[in-house]
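# Summary of the model geometry
Now for the letters of each chain:
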Amino acid sequence: MLWNTFYENREHLNRQYIDPHWIEDSGLDPEALKTGANELIRRMQGQPKQLIKAKVFDYILRNGQIDVDPADWFHDRIRHEHILGNLRLQWWRHIDEDVLADMHSLERKAWSLGAFFAGADFSHTSPDWNNLLDLGITGLLERIREKRDEKLNVGTLTDDEAVFYEASAIVYEAVILFINRLAVWAEKNAKADIAHGGRMLLCAKSLRNLAVRPPATMHEALQLGIIYYELQEMEGEPIRSHGGFDRLYDRFYEKDIASGLFTVEQEKELLRFFYTKLNGNRFSAGRPFYLGGLMPSGKDAVNPLSFVVLDTYSELGLPYIKIHIRVHPDLSDKLIEKALDCIRNGKNSIVFMNDETVIPALMGTGVSQTEAREYAPIGCYEPAVMGLEVPCTFNVFINMAKAVELTLYDGIDPLTGIQFGTPGESSEYNSFEAFYAAFQKQLEWMVSTAMATTLEYEKHYMEINPSPLFSGTMTDCVEKGRDAYAGGARYNNSSVVFGCLGSAVDSHIAIRKFIFERQEISLHELAEVLRSDWTGSELLRMKIRNDRDKWGNNQPKADAMARELMDFAASLVANQPNNRGGVFKTGLFTIDQHVNCGLKTGATPDGRKARTPLSKNLSAVTAMDRQGVTALIQSASQIDFTRFPDGTVLDVMLHPSAVQGKDGLNAMLGLVRTFFRKGGFAMQYNVLDADTLRKAQEFPEEYANLQVRVCGWNAYFTTLGKPEQDEFIHQAENL
Amino acid sequence: MNQSIAGSIIDIKRFSIHDGPGIRTTVFLKGCPLRCIWCHNPEGISDAPELCYFEKKCVNCGQCVVVCPHNAHRMVDGKHVFKWENCNACGLCTNVCLGDALTLYGEKMTADEVVAVVMEDEPFYRETGGGMTLSGGEPLLQAAYCAELLRLVKQRGLHTAVDTCGAVPWAFFKEVLPLTDLFLYDIKHMDTALHSIYTGAGNERIHDNLRRLAKSGAAIEIRIPLIPGYNDDDANIDATGTFLSGIAGIEKVVILPYHSLARSKYLALGLADTMPHTASPSDETLRKTAERLRAFGLNTASGRD
């Protein structure tokens, strides 16, 4: 059968990536492929890494085994054996161990203490999907050749530029060759297999078309998309956004429907296959794309495909498909409500982004308004201008609670006794202001040390990860003849992300109130109490925990402290130049590091015990948000999010009873709209009750499908570690 | 009008979404004329202040013993023991309790103080057409105070609702009538003898007030708490349908499921537990009951839909 075969093939599609099948006749066996590649690499030693990478890329696509699955609508499989990935690892290790050894070991030490990590970031990218779909592989190749010839003719072509164009041309020629190889095998399969009603012939036709021209139908456009995923990630840069799926693909969708090529139901069938394949690829942090948002013209981008995509997502409930809904005042409530309905039914791999804050935040980094309106949330919620920006959204992560700890102990980590950070004179802090000034100094040292690490690594990006395929999609790279990791994009930015805000704020508030205002205990005594993990001081610990001045409760003092702290943090980073011709952007989120950093952080002044989780993203410390979700939103709104162009998110956890019925849906919508009207940046939901989670922990096999939103991505609850599971249960108990 | 008029408050609950339109804050007032055996807010029954002690949360820190002027709190063998008979609900202990185990119900708050808390969530009301709901207990027992709260909120252009059992003099309704955008009105049982057994009072005044309220043009949403084995039989549902369909102007009827989550509160208040040992009605039962009432031309919904 040609159509309506998705559900019978679903399990089979999932296995494509777990238990892959290869056509053995189609290419070299893996050992021979690796041997040949190694030989090629050896022969090319001393040549520019761009060229080595391009030639190896070509070698793999020319010689590697492929697969064309007769049950599938899309074909992309190449048995690449991680040759390029391993080559990059080798290049990266050389920089770590030989070139930047001292810096690398300091950074390793910082992370072993849970203080910060810093370095290179090649895993947050989005290619220019507009160019890919408009020009196709052939158009991109033609553009590369034209630009090279232009420069050659006027005599301005430099050696570096010549290498860039040569490498990119090799890579794009290889992609065409690969597409034709897939087409050949699709044609062979078509003869052998008539069970799928001519599907292989349709696939072969689409592939043949893509080898000579840009995509013209939805099937061709999706087919190109899936090939591009496979190949850019083989090159070495995970794709962390598929851009605005509705604005990119609607032209194909509507044309197919209008011309009668496919029906709406048939288009949905293609999307089912497409998303299941992306999901099956199982990139652990998910496969993001966005819907809605403002067009460069300032108009709303929603179109018929927006709804079709959400319907398909709702039907399939795939955990690794991540949808960003770009919200603005003119975005229809209907689209948001559809997304909210998915969320309350357990399909909650969805983040809402606020165009009204994100766009000004990006403009603050030097991007024009028209450009900023084409932002794609990269990875979790880190916006970057698609096609124009290489954002590196996770270069540096700073645990702010560790800065409090190092201030208390004059730069000696209490759990390990290791000297780290700047020395201090805690015995001389006679006022909260003195303590806070010392904290600022400690934080400043952490940030500048971490940034210095990234700045050094940036000098070596081209020795680690040249990206001829990725760069070839970007207009500025091709115009300049310069790789995306050599500063070829229009915006080449870096990032510093701050985490554990709630723990840091509550600790400061506790120190101000209990040490300096009420003088219940001296700073020195507090440090000793914390070192003993509150032994014998349980009353004090409870007194501090019970105090109402806590972040996330709409309490003026805590909210003001958070604002002050984050304004200071942002001032250390914002728009500092990097080494790629761009700037540093500030972010405020923890991903899942609040648990990991918590394990490495001793007891903190907010009443937290040693080695327990720190606060997540913008959340209150767990169980400390006593005033509920509206108060949490009011607190979060106190921070000026336009200063955080690298992204931030508010997690909202609701009990299932709070989202029931039409009232529940309206309330969820009201929370999103109100937070965004008050300047919120991004928001995501978990709808959970503690009983269900406890049962799932006890009987995992019965709850295998229970999804939770970890932090910008979803996971099956039963696959989380015990500490992460316990943390979710703890949070849900307080609803 | 005296702006500092004070009332007796149980609790102020933010992000309340099932007590009227939009996102709301519900203010629970103390004191109720009824004694429903299934009451899920037993802290609202008495009009006097009461101390509530959640033994499970107690960490035996002994802080309450130090501050209590009446010897209501004692430590026996390192364990906290609470003597209700000694407590006069002064509330001093609640300020020092480290386990969050002691709560005072019936704190006196001025209307201005309450409205200040309510207005913290103003942006959410503006976005969703929400506002403030007065509930309890029976809020209208403090009718003048209710009127003041409603006036203060209404003059800010926000939606107001009153959740009432109806068992109060009509004069109390008159005080709040022009200030209330929506009445949430409970109907529990049509047989006045059974009503009296289950709630401590007959239903005549409740029904009478409902007719007058409807006639006055107020917006009314009927709420029926469905208590399996008590008021969920077809005969009672049909009688309810007949009664309500004879009253013009009822906008909506909502069937609310009984649940026994409040049982621990009886213990914590030192009250006899009167709650029926019966399960919460299923989604299907709620829908069927709603369906049955729809046959009477009533716009009825399950409280879970």
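In this text the structure is predicted, and so the values were computed from the model without any measurement. (Residues numbered from 1 in each chain as written. Chains lettered and ligands numbered in written order. Predicted model: local features only at pLDDT ≥ 70, side-chain atom pairs only at ≥ 80, totals over all residues. Heavy atoms only, no water.)

## Describing the overall build of chain A
We apply this condition: Helix and strand labels come from DSSP, where a helix needs a run of H or I of at least four residues and a strand needs a run of E of at least two; each type is numbered from the N terminus. Radius of gyration here uses only the C-alpha atoms, and the compact-globule reference equals 2.2 Å multiplied by the residue count raised to the power 0.38. Each residue is assigned to one of three classes by its accessible area relative to the maximum for its type, calculated with a 1.4 Å probe on protein chains only: buried under 20%, partly exposed between the two thresholds, exposed over 50%. Residues are treated as being in contact if the distance between any of their heavy atoms lies within 4.5 Å. Just so you know, the count uses Lys and Arg for positive and Asp and Glu for negative, and it drops His and the chain ends. Each charge is placed at NZ for Lys, CZ for Arg, CG for Asp and CD for Glu.
Each helix and strand counted, chain A has 29 helices and 17 strands in total. Here the C-alpha radius of gyration of chain A, 26 Å, is about what a compact globule of 735 residues would show, namely 27 Å. Per-residue burial over chain A gives 64% buried out of 735 residues. Partitioning the intrachain contacts of chain A with sequence separation of at least 6 by distance along the chain shows that 78% fall at a separation of at least 24. Computing the positive centroid from 78 side-chain charges and the negative centroid from 99, chain A places the two 1 Å apart.

## Here's the deal with the overall build of chain B
Counting its regular elements, chain B contains 10 helices and 13 strands. Over its C-alpha atoms, taken along the principal directions, chain B stretches across nearly 65 × 45 × 35 Å. Out of the 305 residues in chain B, the part that is buried amounts to 52%. Sequence-distant contacts in chain B: of pairs separated by 6 or more residues, those separated by 24 or more amount to 67%.

## Focus: the sheet that holds strand S6 (residues 350-354) of chain A
Residue and element names in this part refer to chain A. Just so we agree on the cut-off: Strands qualify as paired when DSSP identifies two bridges or more between them. Fitted lines through C-alpha atoms give the axes, limited to the stretch in contact for helices. The angle between two N-to-C directions lies from 0 to 180 degrees.
With mixed pairing, 5 strands are arranged side by side in an open sheet as S4-S5-S6-S15-S14. One side of each edge strand has no neighbouring strand; the edge strands of this open sheet are strand S4 (287-292) and strand S14 (650-654). For this sheet the average axis-to-axis angle between neighbouring strands, irrespective of direction, equals 25°. The pairing of strand S5 (residues 321-327) with S6 spans 5 bridges and is parallel. Within the sheet, the bridge partner assigned to arginine 326 lies in S6 and is methionine 353.

## Notes on the sheet that holds strand S2 (residues 24-29) of chain B
All names here are of chain B. With respect to topology, 9 strands assemble into an open sheet ordered S7-S1-S2-S8-S9-S10-S11-S12-S13, the strand pairing being mixed. The sheet is open, and its two borders are formed by strand S7 (107-110) and strand S13 (300-302), each paired with just one other strand. Each adjacent strand pair in this sheet contributes to an overall mean axis angle of 30°, direction not counted.

## Considering the interface of chain A and chain B
Here is the rule: Summed over both partners, the accessible area lost on bringing two parts together, with a 1.4 Å probe, is the buried area. Here, a salt bridge means any side-chain nitrogen of Lys or Arg that lies within 4 Å of a carboxyl oxygen of Asp or Glu. Side-chain atoms alone can form a polar contact between residues adjacent in sequence; in general such a contact is a pair of N or O atoms within 3.5 Å, and within protein one must be able to donate a hydrogen while the other accepts it. Charged means Asp, Glu, Lys or Arg here, nonpolar means Ala, Val, Leu, Ile, Met, Phe, Trp, Tyr, Cys or Pro, and polar covers whatever is left, Gly included.
With 28 residues of chain A at the interface, the matching set in chain B holds 21 residues. Both sides together, the interface formed by chain A and chain B hides about 2,000 Å², and carbon and sulfur atoms give 59% of it. The partner of Asp100(B) in a salt bridge is Arg548(A), with the nearest N and O atoms 4.0 Å apart. At the junction of chain A with chain B, the criterion picks out 7 residue pairs in polar contact (both at pLDDT 80 or more). Only helix H23 (538-546), helix H26 (629-636) and helix H27 (661-677) of chain A provide two or more residues apiece to the side of chain A that touches chain B. The element contributing the most residues to the side of chain A that touches chain B is H27(A), with 11 residues. When its residues are assigned to classes, the side of chain A that touches chain B shows 9 nonpolar, 12 polar and 7 charged.

## Considerations on helix H16 (residues 400-408) of chain A
Residues and elements named next belong to chain A. Taken across its 9 residues, H16 has 9 buried, putting it largely inside the fold. Within the sequence span of H16, burial applies to Met400, Ala401, Lys402, Ala403, Val404, Glu405, Leu406, Thr407 and Leu408. For H16, the N-terminal cap is asparagine 399; the gap from its side-chain oxygen to the backbone nitrogen of alanine 401 is 2.9 Å. In the stretch just after H16, aspartate 410 is the one whose phi turns positive, near 55°.

## As for the nonpolar core
Defined as follows: As used here, the term nonpolar core means buried Ala, Val, Leu, Ile, Met, Phe, Trp, Tyr and Cys residues forming a set that is joined through side-chain atoms within 4.5 Å.
Phe245(A), Phe352(A), Leu443(A), Phe498(A), Leu501(A), Leu671(A) and Tyr685(A) are the most contacted members of the largest nonpolar core, which has 256 residues in total. It is helix H7 (residues 159-192) of chain A that contributes the most residues to this core, 18 residues altogether. Dropping the residues within four chain positions of it, Leu671(A) is found in contact with Val629(A), Thr630(A), Ile633(A), Val652(A), Leu654(A), Met683(A), Tyr685(A), Phe15(B), Ile23(B) and Phe124(B). In terms of nonpolar packing, the next biggest core, distinct from the first, is built from 68 residues, Ile9(B), Val27(B), Tyr258(B) and Met275(B) among them.

## Section: the confidence of the model for chain B
Short version of the rule: How sure the predictor is of each residue is captured by pLDDT, a score from 0 to 100.
Chain-level statistics for chain B give a pLDDT mean of 95 and a share of 99% at 70 or above. With a pTM of 0.95, the predicted complex shows an ipTM of 0.93.

## Points about the pattern of salt bridges
All names here are of chain A. For the coordinates displayed, the defined rule picks out 65 salt bridges over all chains. In this structure, the salt-bridge partner of glutamate 31 is lysine 34, at a minimum N-O distance of 3.5 Å. Within this pair, glutamate 31 and its partner lysine 34 are both found in helix H2 (residues 30-43), separated by 3 residues, close to a single helical turn. A residue is classified by how much of its surface remains accessible, and glutamate 31, at 51% relative accessible area, is exposed. A relative accessible area of 28% means that lysine 34 is categorised as partly exposed. Between lysine 147 and glutamate 479 there is a salt bridge, with the nearest N and O atoms lying 3.3 Å from each other. Of this pair, lysine 147 sits in helix H6 (residues 129-154) while glutamate 479 is found in helix H20 (residues 475-480), placing the two residues 332 residues apart along the sequence.

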